[in-house]
Amino acid sequence: HGDSRAADRRVDSVCPYCGVGCQLTYQVKDDAILAVEGRDGPSNRNRLCVKGRFGFDYPRHAARLTMPLIRKPGVAKALDPDFDPANPSSHFREASWDEALELAAKGLVDLKTTHGPAALAGFGSAKCTNEEAWLFQKLVRTGFGSNHVDHCTRLCHASSVAALMECIGSGAVTASFLQALEADVVVLIGCNPAVNHPVAATFFKQAAKQGTRIVILDPRGQALDAYAHRSLRFTPGGDVALLNAMLNVIVTEDLVDHDYVDAHTEGFAALAEHVRELTPEVMAPSCGVDPQAIREVARLYATAERAMIFWGMGISQHVHGTDNARCLISLALACGHTGRPGTGLHPLRGQNNVQGASDAGLIPMVLPDYQPVGDAQLRAAFEELWNTPLDETPGLTVVEIMDAIRDGVIRGMYILGENPAMSDPDLEHARAALGQLEHLVVQDLFVTETAQFADVVLPASAWPEKDGTVTNTNRQVQLGRQAVPLPGQARPDWWIIQEIARRFGLGWDYAHPREVFAEMKHGMVSLDHITWERLEREGSVTYPCPADDAPGWDVVFGDAFPTASGKARFSPTVPLPPDEPIDGDYPTVLTTGRQLEHWHTGAMTRRARVLDDLEPEAVASLAPGELRRLKLVPGEPVTIVTRRGRITLRTRVDPGMTEGMVFVPFCYAEAAANLLTNPALDPYGKIPEFKYAACRLSPGDGP
Ligand code: SF4
């Protein structure tokens, strides 16, 4: 990244990678980013991880899109292993913006005219700004005419949000992760912050050094185990059993905070009755944890003065993901561990703006600020704001849209910044669906795997090239600033969305994202007392915020919950097996996720030189005993086969892995983990079971 002392400009912004939302300063010289340094933001206090420090050369990668592209006649809509994104002329020709926009919009408009609004769908992105997310969902709802709009929240925390909305009336965190510093006990379950939320992990370490007792519950060991007071490994998929057993201990040993339960909750008696027989001894065979250890951890959490629960996708990405989150909420409610400093429920959000994109309405069943589309009164407010009638039917979710393409219902799509040809489960199915679309418009930085299926590819803006707001996992709305110019003919995403909208006959005339933000404030009470100008001055404001000159609330729901009664609800759960349990043919559990150095499908980080040098190729992480069983040494290849596909990749020894399990990151197209994953959905959050698929392993290229 060169010599920062040579910089001629410094531009304050926010990291574009994970939901921690670290504030940073770009060192810019001759309109190029030379270096990046952390600054004193509320979620990072000058800290950055390796992605935030070294992940900013991707916008100038040789494969960066700088011109609109149109598919050449006769080129098959399929992934071509020989396609070179840096030289797309084999499949696409360059076009002017006018020609590309006309073709992009005409294909969508024609399908709507012929087949009706339900023939179109859109995927927005949690990598885009709040303003871009708002505009994209507004285009789908007012231009396409349906609610078929979704984004990658469906693949990360949709089940957490479903449970939180059901039980406490709000899908966001009840307290920031900084509150861990105030807690006596912190439970980390189904998350690996040192890898996925690295700067948040530094605060957990700091808390541990100050005396906070960290409890880690996970099937896999992790770096933070070194800081943990207790670390329990449970059987993959055994989380609902483990959490019900903890609830049983709290109920039967009367560790309940009855004053809190009486004042702030409903349904406790039913929960207590439900868990009465689910003792640690009864649940131990399902969760694989020693009953005495379950009792000790339950007592530790329940008797703490202040305790918090953090969770990640190990909780949410299951067919019982919503049940998992319901259990965690029940634990917090039963013990009175919400609404005070050092207490709370915190699903660690994944993408940099998954909170903000969800708040802005990039979800098929709710309008901005989680207003259900089926509620006539709430819908009427947006119909008045946007001066157009809106569809009352909830739209389809990410995986459901892929199924609807295969069924011939969805015929055209506009995909902004998402890469379902890599991120969806059961990729053969998803890729076949993309190939079946009659018209596909993709807006992105590169010709991604998904863009290879497109009729029109529109060159978009990278994060350091645009202004906009994002909302991190702590509910902190933050301002990102343009640091460098757009290359070639690439354009800001809000501008491109507006040009498509105009071709749908919508009279949009925004001149800058701040005008979009001003409109958002008319539809989102969550943004009350937060203005663009205030963000320019302060850089970050937490919502909800009580006044123009007051800080937002770091901890919420001390007095009441945003439910009809003001009380939270317990929601009992029944332990269920994974959708695809292991068996004699497929005896090993496959689990997938991210690596520290790479971000999601790798479109950005695999084009960042330092990050790609650190982790250049796909690896399967296995326990030492598993490698011995396979007669492999680390580095030798293994083949992983599921009922949906097979991949071959190098092995890596990981003492944190449990025998009978394999972990594969999903960012490598050449060994795409999602060729293997199970598309079975949680019935409430509609999230796929990425964390559990039955597989078999064999050495080398394998049978
Ligand atoms: Fe960026 Fe997340 Fe790393 Fe912070 S912790 S620098 S937000 S990737």
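Residues numbered from 1 in each chain as written. Predicted model: local features only at pLDDT ≥ 70, side-chain atom pairs only at ≥ 80, totals over all residues. Heavy atoms only, no water.

*Asks:* If you had to explain the pairing of strand E24 (residues 619–622) to someone new, which residues and values would you point to?
*Replies:* Of the two faces of E24, both are covered, the one formed by Val619 and Ser621 as well as the one formed by Ala620 and Leu622. Pairing analysis gives four bridges linking E24 to strand E26 (residues 646–653), with the strands arranged parallel. Looking at E26, one finds that alanine 620 is bridged to threonine 651. (Buried < 20%, exposed > 50% of the residue type's maximum accessible area, 1.4 Å probe, protein only. Helix = DSSP H or I, 4+ residues; strand = E, 2+ residues; numbered from the N terminus. Pairing = 2+ DSSP bridges.)

*Asks:* Give me the lowdown on the packing of helix H4 (residues 158–168) against helix H13 (residues 321–334), citing residues and values where you can.
*Replies:* Relative orientation of the contacting elements H4 and H13 amounts to 45°, with a least axis distance of 8 Å. The pairing of H4 with H13 is recorded here as oblique in orientation. Considering how the two elements wind past one another, H4 and H13 form a crossing that is right-handed. Each of Ser159, Ser160, Ala162, Ala163, Leu164, Glu166, Cys167 and Ile168 in H4 lies in contact with H13, whose residues at this interface are Gly321, Thr322, Ala325, Arg326 and Ile329. (Axes fitted to C-alpha atoms, helices over the stretch in contact; angles between N-to-C directions. Parallel < 35°, antiparallel > 145°, perpendicular 65-115°, else oblique. Left-handed = near helix turned anticlockwise from the far one by under 90°. Contact = heavy atoms within 4.5 Å.)

*Asks:* Outline the site of the ligand, supporting the account with residue identities and numerical values.
*Replies:* Contacts to the ligand come from Cys15, Tyr17, Cys18, Val20, Gly21, Cys22, Leu48, Cys49, Lys51, Gly52, Pro198 and Val199. For the ligand, the cavity whose grid points lie within 2 Å of the majority of its atoms is the second largest cavity. Of all the secondary-structure elements, those providing two or more residues to the shell around the ligand are helix H1 (50–54) and helix H6 (198–210). (Near = heavy atom within 4 Å. 1 Å grid on protein atoms, 1.4 Å probe; cavity = no way out; pocket = protein on both sides within 12 Å on 5 of 7 lines; lining within 4 Å. Sits in = over half its atoms within 2 Å of the grid points.)

*Asks:* Mind laying out the environment of serine 330, listing which residues take part and the relevant values?
*Replies:* As for its position among the elements, serine 330 is in helix H13. You can call serine 330 buried: its relative accessible area is 2%. For serine 330 and lysine 29, which are 301 residues apart along the polypeptide, the C-alpha to C-alpha distance reads 53 Å. Discounting chain neighbours no more than four positions away, the residues touching serine 330 are Leu247, Leu271, Phe570 and Ser571.

*Asks:* Please give an account of the environment of alanine 332 that cites residues and values.
*Replies:* As for its position among the elements, alanine 332 is in helix H13. Put simply, alanine 332 and isoleucine 309 are 23 residues apart on the chain and 7.7 Å apart in space, counted from C-alpha to C-alpha. If near-sequence neighbours (up to four positions away) are discounted, alanine 332 is found in contact with Tyr301, Ile309, His337, Thr338 and Leu345.

*Asks:* Tell me about the confidence of the model for the protein chain, and name the residues and values.
*Replies:* Across the protein chain, pLDDT averages 96, with 99% of residues at or above 70. Interface predicted TM-score (ipTM) for the complex: 1.00; the corresponding pTM is 0.96. (pLDDT = per-residue confidence, 0-100.)

*Asks:* Mind laying out the sheet that holds strand E17 (residues 439–444), listing which residues take part and the relevant values?
*Replies:* In space, the seven strands of this open sheet follow the order E5-E4-E18-E17-E16-E6-E7, with mixed pairing throughout. Both outer strands of the open sheet, strand E5 (92–94) and strand E7 (149–150), are each paired with one neighbouring strand and no more. Relative to E5, strand E4 (residues 69–71) runs antiparallel, the two being bridged by three bridges. Paired with isoleucine 70 across the strands is arginine 93, a residue of E5. Lying on the sheet, helix H3 (residues 130–144) is in contact with strand E6 (120–123), E7 and strand E16 (412–416); it crosses E6 at an angle near 175°.

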